[in-house]
2 protein chains.
Amino acid sequence: MARPQSALEIVRTRSLTSLVQQEIESMILSGRIKAGERLNEQVLAAKLGVSRGPVREATRGLERAGLVTAVVNYGVYVRKVSREEAFELYDLRALLTGFACQRLAETASGEQRRHLSNLVSRMDAAARSGNSTTYYALNLEFHDALMRFAGNGRAKQIDESLIKEMHLFRQRSLVAPANMLESNAEHQAIVAAIGAGDAEAARRAGETHVRGGRRRFSGAVPEIKSAGPPMSAGPSTAKRPSKGGNHEPATRQQPRRRS
Amino acid sequence: MARPQSALEIVRTRSLTSLVQQEIESMILSGRIKAGERLNEQVLAAKLGVSRGPVREATRGLERAGLVTAVVNYGVYVRKVSREEAFELYDLRALLTGFACQRLAETASGEQRRHLSNLVSRMDAAARSGNSTTYYALNLEFHDALMRFAGNGRAKQIDESLIKEMHLFRQRSLVAPANMLESNAEHQAIVAAIGAGDAEAARRAGETHVRGGRRRFSGAVPEIKSAGPPMSAGPSTAKRPSKGGNHEPATRQQPRRRS
DNA sequence: CAATTGAAAACTGTTGACAGTTTACAGTGG
DNA sequence: CCACTGTAAACTGTCAACAGTTTTCAATTG
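Structure report, in brief. Everything quoted here is computed from the prediction, not taken from an experiment.

Moving on to the sheet that holds strand S2 (residues 68-71) of chain A. All names here are of chain A. Taken in spatial order, the three strands of this open sheet run S1-S3-S2, and their pairing is antiparallel. The open sheet has two edge strands with one neighbour each: strand S1 (38-39) and S2. Note: S2 against strand S3 (residues 75-78), four bridges, orientation antiparallel. Paired with Ala 70 across the strands is Val 76, a residue of S3. Relative to the sheet, helix H4 (residues 52-65) contacts S1, S2 and S3, its axis offset from that of S2 by approximately 115°.

The structure is reproduced here in structure tokens:
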């Protein structure tokens, strides 16, 4: 039964569907497939070298994750996250982050506190030297550690899902160099409150930080009136959504029956 | 093939997969399929009169929803929610409910406040007359209205998902008649705080209420039987349990035909 | 008689094909 | 020249079959 342990072994343990889903998700989050664009099952299957079955299952999984929306007999679209929906996501993430911080103030171990503090220090160095990519990576790691240490697996899972959804709104955004110091000051406040064991202050600091991210971001983008097709607002616009173009399914007309 | 039925025409607009998923979900939540049990694709497909494709997609959707866990080359199991996981779910729901109450205290319209107050009154009547089924239905409606009025669609969706997951733990539970009055008193506190526009009090009342539900429930169930299945860890490392269901002592899989 | 081994059965993963529906486009008539 | 209609193409939904893997059980062997 000796099986060659190699890269293929990974393929063995992970189903094709999960690999396809990961790949499509990567395409979406990296922007290679833009928001509002339609996913052609056949094209994707051919591009990935599999049949349509795994592609279908993968897209359905992404639908559950909120990254795409599926319309029967019509196709799967990369979801468009409106400004209001993005604000809702920020609110939820603020809530979850505050919860995690509160919990950490009550239960964090010394090692965990040190780890968080260490991350803040390294972010400070990255911010001062203007290294935004390093700061970005450390920032992700910091938030991941917060949720991981909080000891609520479901909360962490939901948070990650929300983060992915938010990527659909802010195509790249990230953190402007000028904002890194401000952002990290809030990180420091979180770590300080956790270190002091002040649960209420930690919760507030966590909420404030994510809300601060929302404010920093919403200030940066004045309006979403960019190159995207303005189909979302006006259902009275003459052109109906076509399979070839990038349009939002939104409200689909009643299936008219012609013989 | 020109189907004349109008009822089936409605089926047209909804995909078969979604119907199958709804049906399987109903089987799970109603307890017709017990926790830890394996879902046989072929049997389900035959029972529902469809092929395995839609059944597969449906089960994958349920996996995303957290109701089942899938293992490659092995099958899909109804998830077992441990005591600790159930507590995590309660914590998250408390958080979301508190958030909704806080938001409502700030933004609820007069009509919304009246609607909530009306529900509490009717629950009070049901509680005093010992009508637990009516109370249960009104309770669901109350919590649904809370999340609906809060104006955060994603929060509502997550909350509903958490509620479904919790059903996997407490098979029936519900609210004991003796607890109805206590539970509704907390409802009244929520409505009062919202009516007064006190966001902080509303948030606390909402959190307290769900935590109260957790307390009322956790007091009722002394302990969960051990025999912990190694499913909770990553599926990549652990040795697989047998398909015959060795870790499920009570319910054994149906014996296979063999000559 | 117990342990082992080999093969068949059962089940999941994946694929290809068929059916129904929607869109696109060309042809026709005003 | 524009609107309308009918047909063809493309795409999704669904199904049936094939392939790989795991489990079960009987036969064999010590």
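Attention now goes to the relation of the copies chain A and chain B. When chain A is fitted to chain B, the residual RMSD is 0.1 Å, and the transformation amounts to a turn of 180° plus an axial shift of 0.0 Å. In the structure described here, the two chain copies are related by an operation that fits a two-fold rotation axis. A share of 97% of the interface residues of chain A reappears at the interface of chain B, consistent with the copies meeting face to face through the same patch.

Residue and element names in this part refer to chain B. Mapped onto the elements of the fold, Val 68 is located in strand S2 (residues 68-71). Between the C-alpha atoms of Val 68 and Lys 80, which are twelve residues apart in sequence, the distance is 8.3 Å. In contact with Val 68, other than residues within four places in its own chain, are Ile 28, Leu 39, Thr 59, Leu 62, Glu 63, Val 76, Tyr 77, Val 78 and Arg 79.

Take the pairing of S3(A) next. Residues Gly75(A) and Tyr77(A) line one face of S3(A) and the alternating positions Val76(A) and Val78(A) line the opposite face, and both faces are buried. Once S2(A) ends, the chain turns through three residues before running back antiparallel as S3(A), passing Asn73(A) with a positive phi of about 60°.

What follows covers the interface of chain A and chain B. Between chain A and chain B, the residue contacts involve 33 residues of the former and 33 residues of the latter. With both chains or domains summed, chain A and chain B bury close to 2,700 Å², and 50% of this area falls on carbon and sulfur atoms. On the chain A side of the contact with chain B, Glu57(A), Arg64(A) and Arg154(A) bury the most area, a combined 24% of that side's loss. Counting the contacts that link chain A with chain B gives six salt bridges. A salt bridge links Glu165(A) to Arg154(B), with the shortest nitrogen-to-oxygen separation between them at 2.5 Å.

When you line up the elements, Asn152(A) lands in the loop between helix H7 (132-149) and helix H8 (153-169). Residues contacting Asn152(A), with those up to four places away along its chain left out, are Phe99(A), Glu88(B), Asp91(B) and Leu92(B).

This paragraph deals with the sheet that holds S2(B). Residue and element names in this part refer to chain B. As summarised here, the arrangement of the three strands in space is S1-S3-S2, forming an open sheet in which the pairing is antiparallel. On the outer flanks of this sheet lie strand S1 (38-39) and S2, each paired with one strand and no other. The sheet contacts of helix H4 (residues 52-65) involve S1, S2 and strand S3 (75-78), and relative to S2 the element is tilted by about 115°.

This part is about the packing of helix H2 (residues 16-29) of chain B against helix H3 (residues 41-48) of chain B. Residue and element names in this part refer to chain B. Packing of H2 against H3 brings their axes to within 12 Å, and their N-to-C directions diverge by 110°. Between H2 and H3, the crossing angle belongs to the class labelled roughly perpendicular. Residues Val 20, Glu 23, Ile 24 and Met 27 of H2 form the contact with H3, whose own contacting residues are Leu 44, Lys 47 and Leu 48. Here the residues of the contact of H2 with H3 sort into five nonpolar, no polar and two charged.

This next bit is on H4(A). Residue and element names in this part refer to chain A. Under the 1.5 Å per step criterion, the end-to-end length of H4 is 20 Å for 14 residues, consistent within 8% with the ideal 20 Å. Among the residues making up H4, those that are buried are Pro 54, Val 55, Glu 57, Ala 58, Thr 59, Arg 60, Gly 61, Leu 62 and Ala 65. Among the residues trailing H4, Gly 66 stands out with phi positive, at a value near 90°.

About the cut-offs
- Residues numbered from 1 in each chain as written.
- Chains lettered and ligands numbered in written order.
- Predicted model: local features only at pLDDT ≥ 70, side-chain atom pairs only at ≥ 80, totals over all residues.
- Heavy atoms only, no water.
- Pairing = 2+ DSSP bridges.
- Helix = DSSP H or I, 4+ residues; strand = E, 2+ residues; numbered from the N terminus.
- Contact = heavy atoms within 4.5 Å.
- Axes fitted to C-alpha atoms, helices over the stretch in contact; angles between N-to-C directions.
- Least-squares fit on C-alpha atoms with pLDDT ≥ 70 in both.
- Buried < 20%, exposed > 50% of the residue type's maximum accessible area, 1.4 Å probe, protein only.
- Buried area = accessible area lost by both parts, 1.4 Å probe.
- Salt bridge = Lys/Arg side-chain N within 4 Å of Asp/Glu carboxyl O.
- Parallel < 35°, antiparallel > 145°, perpendicular 65-115°, else oblique.
- Nonpolar A, V, L, I, M, F, W, Y, C, P; charged D, E, K, R; others polar.
- Expected span 1.5 Å × (residues − 1).

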